[in-house]
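Inside the fold
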Amino acid sequence: MTSQEYVTLDSAEQPGISIEELQLATRNHGMPLEALRYDVTPLGLHYLLTHFDIPALDPATWRLRIGGWVARPLTLTLDELRARPTVTRRVTMECAGNGRARLSPRPVSQPWLLEAVGTGEWTGTPAADVIDEAGVTPDAIEVVFTGADRGVQGGVEHAYARSITLDELRATGALLAWGLNGVALPPQHGAPVRLVVPGWYGMTSVKWLTSIDLTTTPFDGYQQAGSYRFRQTPDEVGDPVTRLAVRSLMIPPGIPDFLTRRRIVDRGTHELRGRAWAGRAPIAAVEVSTDGGRTWQGADLHTPSDPAAWTAWRAVWHADAPGETEVCCRARDTSGNAQPDTPSWNLGGYAVNAVQRVAVTVR
Ligand SMILES: Nc1nc2c(c(=O)[nH]1)N[C@H]1C(S)=C(S)[C@@H](COP(=O)(O)O)O[C@H]1N2
Ligand SMILES: [Mo]
């Protein structure tokens, strides 16, 4: 069954959020959209997604093992890793499930509305260089990154692990990161060391790294083969979820109503501001609509501080007519990928990047 329907949360047909979903939502917070004002998301405002429990790793005894199809398996301490060439990059990270909570039927998982995004200033060393030091053997095609956190999902007990092909790993400039926004990685973001893969959905950026293994066959762990695939039915194999779909979000204008979050703005001229990002090509354009999507105007773009970081945009809104309206934004990238008006449904609720719509009362 496929439903393309997109409902709002106050619709009578939308079944309520379950206690299980609430349990996940209180553990995994989003970035309040007013924090789109910061190019680098302040610590504590970056979204969080942790499948199991945050593990306790002692930086003094922590080791990173690099093995599998390598010529010289390595075991590195944190000090040895930190002594390597250091890179700091601004990377926009987004959870693949961002936007799934408004799908109907709603995929039961972390019920993200739109806030599962943030931009960190990540400090680390290129993952490909460490792997090259271990010596990639000719048959190796993939790199499996394993975290210290364990749990059961889909009936399978496993440590959180994801793979990426060697070619993609090199192309993205992925980092083994020990720093975030100038401080040591906080526990919730993967201390002491995590992977950060620019341009890819967050699930690839494995936290609490313990091992890196080169393989000659595609990885079939739960988080790779059982999850993060575009499927309409559970028995399909489905294409894997990979790079970030193009998306723009705005700082909700005016002031909110506490419970409904409906916005209230005074008649007059307002600046609409937000950010846009895409994992396949740079942002080419952002447009805003202040009449619910009937007419659109171009926004001014600001060149991103890093190719992997979001693009700031702004537009002017002359809010002349009192009453109810919807303010919307949409982006497209230089390859012509654009945000759809309505999302396409998939079983996991991945890459749901439809146009953002914010209900506003002009008074
Ligand atoms: N070890 C481990 N790594 C993980 C996860 C996890 O649960 N365990 N969650 C992934 C997912 S789905 C996302 S979206 C990002 C979130 O990173 P953050 O919590 O630092 O924002 O981490 C990824 N890395
Ligand atoms: Mo995620």
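Residues numbered from 1 in each chain as written. Chains lettered and ligands numbered in written order. Predicted model: local features only at pLDDT ≥ 70, side-chain atom pairs only at ≥ 80, totals over all residues. Heavy atoms only, no water.

Let's talk about the site of ligand 1
As a reminder, the rule being used: Proximity is defined per residue: if any heavy atom of the residue lies within 4 Å of a molecule or strand, that residue is considered near it. N or O atoms within 3.5 Å of each other form a polar contact, as long as, within protein, one can give a hydrogen and the other can take it, and as long as residues adjacent in sequence are counted only when both atoms are side-chain atoms. Only protein atoms enter the 1 Å grid used here, on which a cavity is any set of points holding a 1.4 Å probe that cannot leave and a pocket is any open set flanked by protein within 12 Å on both sides along at least five of seven lines; residues with an atom within 4 Å of a point are listed as lining. For this analysis, a molecule is said to be in a pocket or cavity if more than half of its atoms are within 2 Å of the grid points defining it. Amino acids are sorted into nonpolar (Ala, Val, Leu, Ile, Met, Phe, Trp, Tyr, Cys and Pro), charged (Asp, Glu, Lys and Arg) and polar (every other residue, Gly among them).
Around ligand 1 sit 19 residues in total, of which Tyr-47, Asp-149, His-189, Arg-194 and Lys-207 are the nearest. Residue Ser-205 places a main-chain N or O atom 3.0 Å away from a nitrogen atom belonging to ligand 1. One can see that ligand 1 is located within the largest cavity. Its residues assigned to classes, the shell around ligand 1 shows 10 nonpolar, six polar and three charged.

Examining empty space enclosed by the protein
Short version of the rule: Grid points are joined across faces, edges and corners, and a volume is the space filled by probe spheres set on the points.
Applying the stated rule across the entire model yields one cavity of 30 Å³ or more. Taken as a whole, the largest cavity encloses approximately 240 Å³ of empty space. If you trace the largest cavity, you find 20 residues lining it, with Leu-49, Arg-194, Gly-202, Ser-205 and Lys-207 closest to the centre. Classifying every residue of the lining of the largest cavity by side-chain character gives 11 nonpolar, six polar and three charged.

Section: the sheet that holds strand β2 (residues 74-76)
Put simply, the test is: Strand pairing follows a simple DSSP-based rule, namely that at least 2 bridges must link the two strands. Only DSSP runs of H or I reaching four residues or more are called helices, and only runs of E reaching two or more are called strands; each is numbered from the N terminus. Only the stretch in contact is used when fitting a helix axis, every axis being a line fitted to C-alpha atoms; angles between N-to-C directions are given from 0 to 180 degrees. We call two residues contacting when some pair of their heavy atoms lies within 4.5 Å.
Pairing is mixed in the open sheet, where five strands are placed in the order β2-β1-β10-β5-β6. In this open sheet, the two edge strands, each paired with only one partner strand, are β2 and β6 (156-165). This sheet shows a mean twist of 25 degrees between the axes of neighbouring strands, independent of strand direction. Across three bridges, strand β1 (residues 64-68) lies against β2 in antiparallel orientation. In the sheet register, Ile-66 faces β2, and the bridge partner there is Leu-74. Docked against the sheet, helix α3 (residues 127-134) engages β1, β2, β5 (142-153) and β10 (209-215), running at close to 135 degrees with respect to β2.

Thoughts on the packing of aromatic side chains
The geometry of an aromatic ring pair is captured by two quantities: the separation of the ring centres and the angle between the planes. Filter applied, for reference: Only centres within 6.5 Å qualify two rings of Phe, Tyr or Trp (six-membered ring in Trp) as a pair; their planes then separate them into stacked at under 30 degrees, edge-to-face at over 60, and tilted for everything else. In this scheme, a residue with accessible area under 20% of its type's maximum is buried, one over 50% is exposed, and one in between is partly exposed, where area comes from a 1.4 Å probe on protein chains only.
Inspection of the entire model under this criterion finds three aromatic pairs. Judged by centre distance (5.9 Å) and plane angle (85 degrees), the ring pair of Tyr-47 and Trp-112 falls under edge-to-face. Of this pair, Tyr-47 sits in the loop between α1 (19-27) and β1 while Trp-112 sits in the loop between β3 (87-94) and β4 (117-126), and the two are 65 residues apart along the sequence. Look at Trp-112 and you get buried, because its relative accessible area is 3%. For the ring pair Tyr-228 and Tyr-350, a centre distance of 5.3 Å and an interplane angle of 35 degrees mean the geometry is tilted. Of this pair, Tyr-228 sits in the loop between α5 (222-226) and β11 (229-230) while Tyr-350 sits in the loop between β21 (323-333) and β22 (356-362), and the two are 122 residues apart along the sequence.

What to know about a nonpolar patch on the surface
Selection rule: A residue counts toward a patch only above 30% relative accessible area and without a salt bridge, and it is joined to like-charged neighbours within 9 Å or, for Val, Leu, Ile, Met, Phe, Trp and Tyr, to nonpolar neighbours within 5 Å. All accessible areas in this document rest on Shrake-Rupley with a 1.4 Å probe, and a residue is counted as covered only by the protein chains that are shown. Take a side-chain nitrogen of Lys or Arg and a carboxyl oxygen of Asp or Glu: if they are within 4 Å of each other, that pair is a salt bridge.
A cluster of nonpolar side chains, contributed by Ile-17, Ile-19 and Leu-22, occupies part of the molecular surface with about 290 Å² of accessible area. Summarising the element assignment, Leu-22 is placed in helix α1. With a relative accessible area of 43%, Leu-22 lands in the partly exposed category.

Let's talk about the domain arrangement of the protein chain
This is how the line gets drawn: Start and end positions for the domains come from either an automated domain assignment or a database one. As a working definition, buried area equals the accessible area (1.4 Å probe) given up by two parts on being put together, with both sides summed.
Split into domains, the protein chain comes out as domain 1 (11-240) and domain 2 (247-362). Using only C-alpha atoms to locate each centre, domain 1 and domain 2 end up separated by 27 Å. Facing the 37 residues of domain 1 at the interface are 25 residues of domain 2. At the boundary of domain 1 with domain 2, total buried surface from both sides reaches about 2,800 Å², with 58% on carbon and sulfur atoms. Our count for the contact surface shared by domain 1 and domain 2 stands at three salt bridges. Our count for the contact surface shared by domain 1 and domain 2 stands at 20 residue pairs in polar contact (both at pLDDT 80 or more). Of all the secondary-structure elements, those providing two or more residues to the side of domain 1 that touches domain 2 are β3, β4 and β11. Each residue belonging to the side of domain 1 that touches domain 2 can be placed in one class, and the counts come to 16 nonpolar, 12 polar and nine charged.

Thoughts on unusual backbone geometry
Backbone torsion omega between Ser-104 and Pro-105 reads -5 degrees, so that peptide bond is classified as cis. Within the secondary structure, Pro-105 is located in the loop between β3 and β4. Residue Pro-192 is bonded to the preceding Ala-191 through a cis peptide linkage, with omega at 5 degrees. By the secondary structure assignment, Pro-192 is in the loop between β8 (183-184) and β9 (194-196). One non-glycine residue, Tyr-228, lies in the positive phi region at around 55 degrees. The residue Ala-351 is not glycine, and still its phi comes out positive at about 55 degrees. Along the chain, Ala-351 turns up in the loop between β21 and β22.

Focus: the pattern of salt bridges
According to the stated counting rule, one finds 16 salt bridges in the structure shown. For Glu-121, the salt bridge is made with Arg-90, and the minimal N-O distance between the two is 2.8 Å. On the criterion of sequence distance, the pair formed by Glu-121 in strand β4 and Arg-90 in strand β3 is long-range, its members being 31 residues apart. By relative accessible area, Arg-90 is classed as partly exposed at 23%. The partner of Glu-324 in a salt bridge is Arg-262, with the nearest N and O atoms 2.4 Å apart. With Glu-324 in strand β21 and Arg-262 in the loop between β14 (255-256) and β15 (263-265), this pair connects stretches of sequence that are 62 residues apart. Residues joined by salt bridges that share partners form a network here, namely Asp-39, Arg-90, Glu-121 and Arg-275.

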